[in-house]
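# Examination of the molecular architecture
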Amino acid sequence: MIDIQLTAAELNSKTCEEFVASNQAGGTAIFIGTVRNQTKNKSVLKLEFEAYIPMAKKEMQKIAEQAMQKFDAIKISIHHRVGVLQIGEIPVIIAVSTPHRKAAFEACEFCIDTLKETVPIWKKEFFDDGEVWVAAHP
Amino acid sequence: MIDIQLTAAELNSKTCEEFVASNQAGGTAIFIGTVRNQTKNKSVLKLEFEAYIPMAKKEMQKIAEQAMQKFDAIKISIHHRVGVLQIGEIPVIIAVSTPHRKAAFEACEFCIDTLKETVPIWKKEFFDDGEVWVAAHP
Amino acid sequence: MKIKLVAFGIARDILKDSNISFLFTDGKTIGDLKKALTKQYPEFEKLASLRFAVGEDYQEDDFELSEENEVVIIPPVSGG
Amino acid sequence: MKIKLVAFGIARDILKDSNISFLFTDGKTIGDLKKALTKQYPEFEKLASLRFAVGEDYQEDDFELSEENEVVIIPPVSGG
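These remarks concern the structure in this document. For clarity, every value in this text was computed on a predicted model and none was experimentally measured.

### A short note on the interface of chain B and chain D
Counting residues at the interface gives 28 residues for chain B, matched by 22 residues for chain D. Roughly 2,100 Å² is buried in total at the junction of chain B and chain D, and carbon and sulfur atoms are behind 56% of that figure. For the pair chain B and chain D, the number of links is three salt bridges. Note that Asp57 of chain D and Lys62 of chain B form a salt bridge whose closest N and O atoms lie 3.0 Å from each other. Among the residues forming the side of chain B that touches chain D, the class breakdown is 18 nonpolar, three polar and seven charged.

### Some remarks on the side chain of Thr118 of chain A
The residue Thr118 of chain A is located in helix H3 (residues 101–118) in this model. Residue classification places Thr118 of chain A among the buried positions, given a relative accessible area of 18%. If we ignore the near neighbours within four places in the chain, the residues touching Thr118 of chain A are Glu59 and Ile63 of chain A together with Tyr58 and Val77 of chain C.

### Here's the deal with the arrangement of the chains
Most contacts, when the three pairs of chains in contact are compared, are made between chains A and B. One finds no contact linking chain B with chain C; the least C-alpha distance across the pair is 10 Å. Taking C-alpha atoms as the reference, chain A and chain D come no closer than 10 Å and do not contact one another.

### Thoughts on the pairing of strand S5 (residues 46–51) of chain B
All names here are of chain B. Pairing of S5 with strand S9 (residues 121–127) involves six bridges; the strand directions are antiparallel. If you follow Lys46 over to S9, its bridge partner there is Phe126. By the bridge criterion, four bridges tie S5 to strand S7 (residues 83–86) in an arrangement that is antiparallel. Counted as the bridge partner of Leu47 is Leu85 from S7.

### Re the environment of Lys4 of chain C
All names here are of chain C. Among the secondary structure elements, Lys4 is positioned in strand S1 (residues 2–7). Considered as a pair, Lys4 and Glu67 are 63 residues apart in the sequence and their alpha carbons are 8.0 Å apart. Setting aside its immediate chain neighbours within four residues, Lys4 contacts Asn19, Ile20, Asn69, Glu70 and Val71. In terms of polar contacts, Lys4 uses its side chain to reach the side chain of Glu70, at 2.9 Å.

### Here we look at the relation of the copies chain A and chain B
Note on the chain copies: they are related by a rotation about an axis and a translation along it. Expressed as a screw transformation, the operator carrying chain A onto chain B has a rotation angle of 180° and an axial translation of 0.0 Å, and the superposed copies differ by an RMSD of 0.0 Å. Within this description, the copies of the chain are treated as partners about a two-fold rotation axis. In terms of C-alpha distance to the rotation axis, chain A has Ile30 of chain A as its closest residue, with the C-alpha 2.5 Å off the axis.

### As for the sheet that holds strand S3 (residues 51–54) of chain C
Taking strand neighbours across the sheet as the criterion, the five strands line up as S2-S1-S5-S3-S4 (chain C) in an open arrangement whose pairing is mixed. Whereas interior strands pair on both sides, the edge strands pair on one side only; in this sheet they are strand S2 (19–23) and strand S4 (57–59) of chain C. Between one strand axis and the next, the sheet turns by 40° as a mean value, whatever way the strands run. On the sheet, helix H2 (residues 53–71) of chain A packs against S3, S4 and strand S5 (70–74) of chain C and is oriented at approximately 90° with respect to S4 of chain C.

Definitions and cut-offs
- Residues numbered from 1 in each chain as written.
- Chains lettered and ligands numbered in written order.
- Predicted model: local features only at pLDDT ≥ 70, side-chain atom pairs only at ≥ 80, totals over all residues.
- Heavy atoms only, no water.
- Contact = heavy atoms within 4.5 Å.
- Buried area = accessible area lost by both parts, 1.4 Å probe.
- Salt bridge = Lys/Arg side-chain N within 4 Å of Asp/Glu carboxyl O.
- Nonpolar A, V, L, I, M, F, W, Y, C, P; charged D, E, K, R; others polar.
- Helix = DSSP H or I, 4+ residues; strand = E, 2+ residues; numbered from the N terminus.
- Buried < 20%, exposed > 50% of the residue type's maximum accessible area, 1.4 Å probe, protein only.
- Pairing = 2+ DSSP bridges.
- Polar contact = N/O pair within 3.5 Å; in protein donor to acceptor, adjacent residues only side chain to side chain.
- Least-squares fit on C-alpha atoms with pLDDT ≥ 70 in both.
- Axes fitted to C-alpha atoms, helices over the stretch in contact; angles between N-to-C directions.

Next up, the structure:
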């Protein structure tokens, strides 16, 4: 079972944890991204995420399906936020339940790594002296 | 900063997540163990955990300190439960925040792997037809 | 061929619009579009990557376009 | 030497008590204790591992015991 959300509302890890709960699960791994107060030693004021929403949801679904197969996961929940986020807020949560714990870590890491490569979501960092689209340039 | 708890009370991942929250954190990895309804294809009715409490706390503290150093973690929270647990209940939660996500996964996995090797806690599985101390025999 | 282009992130900044109608005459594939687009907007060449989507899926350089296609420019993603 | 032994988990089942006073005459190290204990309670030999703690820390075979020590038997752990 897969739960994908792309939303402007605040994310809550409990929602993801409860979705992936299962009597067959021996372990659940959760990754929670948070907005850091700095990047490359520069102070970050806030972030803004924008997404090509229908395709982003489709790509998130694909990642979850791949992870289900590859790691024999029981349930996967991927939530991503869009809009303006302050320091300490949560842009992404990934929760995976599996029968054994090793696979839970592997699947969770696979999902966040792949999400960062393929899902059409863009992050802009705001500094004192300007703003920049993250990772746009080499 | 390190937060160690060994308790008969129900565990809550939110408590661990909130402890490890930090403005310096880019990622938080959480592992949640859950009681499975079966082991080696045998139905489990319930589990009971007992601990040599002072030493178990000391060993949990040692693991967290090692992980802090080894993976440059910001904060670590390790909670373990003792007593009788029903299917689906949570015996262990480990939360780690780090500046970058890769280290969060590595540190979290290190903590649960090491905990299972060194912390004096014992799990008894109850079946229809008896009970067994887990991992006691090769 | 005249194509409807949709742009997000830094691609929108480069086009100075989130939707434009783009005319290109050499060829009809995504690869051809990329060449024509980069020629007209050289800033695209400085990006770490440049991908295109049609029908909410990534499409490769050899994908053949038709005038009905809406092509979405996908600059380097940075979610998570 | 007479040592106070504390037992958890399956070790308690083997000793049939969580606290016993154990007398052994050959040697004075943890290794010697292990030998004497296994001789008297052969079931310890079937365990996947057998460790001992003094002062809330694991101690190796060469650790020298004295009569004041409380030795905790640590059968294979299975937390998490």
